[in-house]
Amino acid sequence: AQSVTQPDIHITVSEGASLELRCNYSYGATPYLFWYVQSPGQGLQLLLKYFSGDTLVQGIKGFEAEFKRSQSSFNLRKPSVHWSDAAEYFCAVAAGNFNKFYFGSGTKLNVKP
Amino acid sequence: SQTIHQWPATLVQPVGSPLSLECTVEGTSNPNLYWYRQAAGRGLQLLFYSIGIGQISSEVPQNLSASRPQDRQFILSSKKLLLSDSGFYLCAWRSGRVNTEAFFGQGTRLTVV
């Protein structure tokens, strides 16, 4: 069965520090992978997506993610975190003839001043 | 451009009462439609998805049902709400093409009392 795992429930980083949020997927074929961000009480906004080609993808707000097939991972990174980045982040995979769209359990990011 | 509307934004319902949440999409045709529930600390759970009018797939057994009476309308219902139905419900749509992301509504906060 297809699944997405985000092993970190909460992460706290200092403003200006680098950030890496982990995501591992389980899927037999090449997956379509996504990262979303959710502010409290709001819907989800797409940060970036991977379909094929270059394994390092750039997104909005200075985020990037790297697809590593050997590790079944799609980790999200940002070189310098801003206080406005505090939110919950979700990794997602399109599966099942790509009609199904599954999310990980999310990682809440806190940013210390 | 495409937009997705979800209402109501908040809802407080007594146990045993019925439920109807509505989601409509504008600016696209034959979208894939999704209902998710987000319970505190549990990420986004896929409840239902639909690839066409009258075609509903359920991901988990539950007290809820979904219907798609029109191409761009997706309804989440219950005949009798349970306390455990409380949560944040999100509607989403995707193009029928495989290499596309999901776009989300602003969500409905349902509290069953």
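Everything here concerns the structure above.
All values reported here derive from a predicted model rather than from experimental measurement. (Residues numbered from 1 in each chain as written. Chains lettered and ligands numbered in written order. Predicted model: local features only at pLDDT ≥ 70, side-chain atom pairs only at ≥ 80, totals over all residues. Heavy atoms only, no water.)

Enquirer: Looking at this model, I keep getting lost on the state of the cysteines. Mind explaining?
Expert: Two cysteines whose sulfur atoms are joined by a covalent bond form what is called a disulfide. Counting across every chain of the model gives 2 disulfides over all chains. Disulfide pairing places A:Cys23 opposite A:Cys91 at an S-S distance of 2.0 Å. Across the S-S bond linking A:Cys23 and A:Cys91, the dihedral sits near -65 degrees, which makes this disulfide left-handed. Highlighted residues: A:Cys23 in the loop between β3 (19-21) and β4 (24-26) and A:Cys91 in strand β10 (residues 87-95), separated in sequence by 68 residues. Between the sulfur atoms of B:Cys23 and its disulfide partner B:Cys91 the distance amounts to 1.9 Å. Taking the sign of the torsion about the S-S bond as the criterion, the disulfide between B:Cys23 and B:Cys91, at about -75 degrees, is left-handed. On the criterion of sequence distance, the pair formed by B:Cys23 in strand β3 (residues 19-26) and B:Cys91 in strand β9 (residues 87-94) is long-range, its members being 68 residues apart. Each member of the pair, B:Cys23 together with B:Cys91, is buried. (Disulfide = S-S within 2.5 Å. Helix = DSSP H or I, 4+ residues; strand = E, 2+ residues; numbered from the N terminus. Buried < 20%, exposed > 50% of the residue type's maximum accessible area, 1.4 Å probe, protein only.)

Enquirer: Would you take a moment to explain the interface of chain A and chain B for this structure?
Expert: Where interface size is given, it is often the accessible area lost as the parts come together that is meant. Listed as interface residues are 22 residues of chain A and, on the opposing side, 22 residues of chain B. Between chain A and chain B lies a buried interface of about 1800 Å² when both sides are counted; carbon and sulfur atoms form 55% of it. Taken together, chain A and chain B are joined by 2 salt bridges. Applying the counting criterion to the chain A and chain B interface returns 6 residue pairs in polar contact (both at pLDDT 80 or more). At the level of elements, β5 (32-38), β6 (44-50), β10 and β11 (100-103) of chain A are the ones that each hand at least two residues to the side of chain A that touches chain B. For the side of chain A that touches chain B, the class distribution of residues is 12 nonpolar, 7 polar and 3 charged. (Contact = heavy atoms within 4.5 Å. Buried area = accessible area lost by both parts, 1.4 Å probe. Salt bridge = Lys/Arg side-chain N within 4 Å of Asp/Glu carboxyl O. Polar contact = N/O pair within 3.5 Å; in protein donor to acceptor, adjacent residues only side chain to side chain. Nonpolar A, V, L, I, M, F, W, Y, C, P; charged D, E, K, R; others polar.)

Interpretation note: all reported values are geometric properties and have no functional meaning in isolation.
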